[in-house]
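# Inside the fold
For reference, the chains in residue letters:
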Amino acid sequence: MGLAAQKRVRTIISYCILGFWSFILLFPMYWVVITSFKNAIDMSIKATYMPFIDFQPGLHAWHYLFVDRLTWFLDPFMNSVLVAFISSTVALVIGSSAGYALARFDYGGRNNSIVLGFMSQRMFPGALFILAFLVMFRELGLLDTRLALIIVYSSGAIPFIVWVMRDFFEGLPVEIEESAMIDGANRLGVLFRIAMPLAAPGLVAVFVLSLIGAWNEYLVALTLTFREAITIPLFMTMQVSQTGYTEWWNMSAISLVSVIPVVAAGMALEKYITGGLTFGALKG
Amino acid sequence: MATEPQVYPSKRPRFEIRDNLWKWIFLVPAVAIILILLAVPVLWTLYAAFTDLHLYRIGDFDTKFVGLANFEKLLSNRSFWRTARNTVVFMLGVVPAQLIIGLTVALALNNITRGQKLFRTWFLMPLMVSPVVVSFIVGRMLFQEDIGPINDILRSFGFEGVPWLTSPTWAMVALMAIDVWQWSSFMILMLLAALQGVPPDLHEAARVDGANQLQSFWRITVPLIMPITMTALLIRIIDAFKVVEIIMVLTGGGPGQATESVTLAIYRTGVKGGDLAFGSSQAYFLLIVLMIFGGAYLVLTRRAMGKD
């Protein structure tokens, strides 16, 4: 076989592998979309696969979610939005300032140890924290509040942000900042007017990753909240356990509403997100 | 010209006086938050592990130190060892599968040019979905025993439907499938980044020297992608040891205790049962295992790669 033919065969095999794995990833998503348009009858006898062919799609699950039970769903949805956005913003401001400081100032030659100290948080299993958090927030009277989740999620996101942003700021030229300071700008102005805008791609990546992390988190939310402050993942599992009998179509509609915003954001910012996700290992 | 560099440093102290303040203002909030929310729980849990602390007795001031009693209880607790075994089995099932899928798909992805960005973006999707939703969609819906599509397809080919959630073994397989579905993407993207760091002229040179593709893969690609692969594996192994959310949603640890992980056991003991002391000792057991394992892994892989 000639080289060109060999190469063509390899390309065809590659596309087959990619197509196969894409299908594996696609099928569950397809399933949840069609299920959200199914009626009880379409799921009571056997599996149905194709809308209009083996079942007649209907909008009743979406009607149920957005019309009949909107208020009941809106609370956890708003909790998730508020908790995710506030905790990520707090973490971004505090974490990137620290990342900047560790990139620009000298802390007695211990900068790397400080960063490692931050990262050591990742080694600790979440199970280690939930018991202490439960007692801490109970003593503070913060159980079942959004504030408790905001505190935990911001502190959870800060180490990662410090780590990524320190590296990002180190890659920026220091001369621009120095000349701005010679012109009379102070450090705060330099950070917010010069360094942060230049580091925008990194900031976007870590912000969206923190947002997704907070949006999807379950174990801490399960431990600390139970009624008023519940987030979407918790709300979903409560539906399953409360009804016992699962209303698949309604659950599918809720899943989609909870998944679409983060998946869309993540995929739209693919370049930055992949960079943020793979950052650690590429450095190590 | 020679004096110019000296003018500059002489101006610096003025900025550094101001910066000595900013230097701390920027760093201290992050350090303070992490100290409070990392160090306090870690130390408190350590303390709790040596006491008889119980959630419903906090504030009674009669908490006693019990020495190593919790750890003795732990080591002789068959139910805990069962969860430890489940966790290890889960890890040994998912990590190699993710490595194989990750490497295969990453090689395919590295081999094409048209549509590469499209596939890369699509492969990111599972990583954005919450484990709860994944467990619900992939797990509860697809593996549903009566009308789920997987059993339906199996039956249409003449097989028996698999008791996915009622059989201990198959429930574990279903959980592994969920984790593989979600996290293979992580290996794919990491390994793709590694593969793209391999200079193409190396393969060209090897081909000119008469090496075949397999030799070129084993002698050039594998050693060069090894460091990233090892780090990615370590991250996945540690995450697999901490598995809990998909189990809570899919099986709740059942049938019986067949799929209960260590983290789920800690949640059950400490949060649900209120036995903070025993829960804390389990959490520390998990931490110690992770640290020994992670440390040994790093030392061994560094040594192995140093020899290459």
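Residues numbered from 1 in each chain as written. Chains lettered and ligands numbered in written order. Predicted model: local features only at pLDDT ≥ 70, side-chain atom pairs only at ≥ 80, totals over all residues.

For the rest of this paragraph, the subject is the overall build of chain B. Secondary structure assignment for chain B yields 12 helices and zero strands. Listing every helix and strand of chain B by position from the N terminus yields α-α-α-α-α-α-α-α-α-α-α-α. For a compact globule of 308 residues, the expected C-alpha radius of gyration is about 19 Å, and chain B comes in at 26 Å, more than 25% above that figure. In chain B, which comprises 308 residues, the share counted as buried stands at 42%. When contacts within chain B are restricted to residue pairs at least 6 apart in sequence, long-range pairs at least 24 apart make up 69% of them. (Helix = DSSP H or I, 4+ residues; strand = E, 2+ residues; numbered from the N terminus. Rg over C-alpha atoms; globule rule 2.2 N^0.38 Å. Buried ≥ 20, exposed ≤ 12 C-beta atoms within 10 Å, placed from the backbone. Contact = placed C-beta atoms within 7 Å.)

Our focus in this paragraph is helix α7 (residues 168–196) of chain B. Here α7 of chain B contains 29 residues, and its C-alpha end-to-end distance of 41 Å stays within 8% of the 42 Å for a straight helix at 1.5 Å per residue. When you tally the buried positions in α7 of chain B, you get 22 out of 29 residues, the bulk of the element. (Expected span 1.5 Å × (residues − 1).)

This part takes up the interface of chain A and chain B. Many descriptions give the size of an interface as the accessible area lost when the pieces come together. At the interface, 74 residues of chain A touch 76 residues of chain B. For the side of chain A that touches chain B, the leading source of residues is helix α1 (residues 3–35) of chain A, giving 14 residues. Taken together, the residues of the side of chain A that touches chain B break down into 50 nonpolar, 20 polar and four charged. (Nonpolar A, V, L, I, M, F, W, Y, C, P; charged D, E, K, R; others polar.)

UniProt feature "transmembrane region" (unreviewed entry): in the numbering of this structure it lies at residues 12–33, 81–102, 114–135, 147–169, 190–212 and 248–269 of chain A. Along residues 12–33 of chain A, the helical share is 100% and the strand share 0%, with 30 Å between the first and last C-alpha atoms. (UniProt positions renumbered as here; feature names shortened; annotations may be inferred.)

As a further point, take the UniProt feature "domain: ABC transmembrane type-1" (unreviewed entry) in chain B. Within this numbering scheme, the UniProt entry marks residues 84–299 of chain B as carrying the feature "domain: ABC transmembrane type-1" (unreviewed entry). Across residues 84–299 of chain B, helical content stands at 78% and strand content at 0%; the span's end C-alpha atoms are separated by 24 Å.

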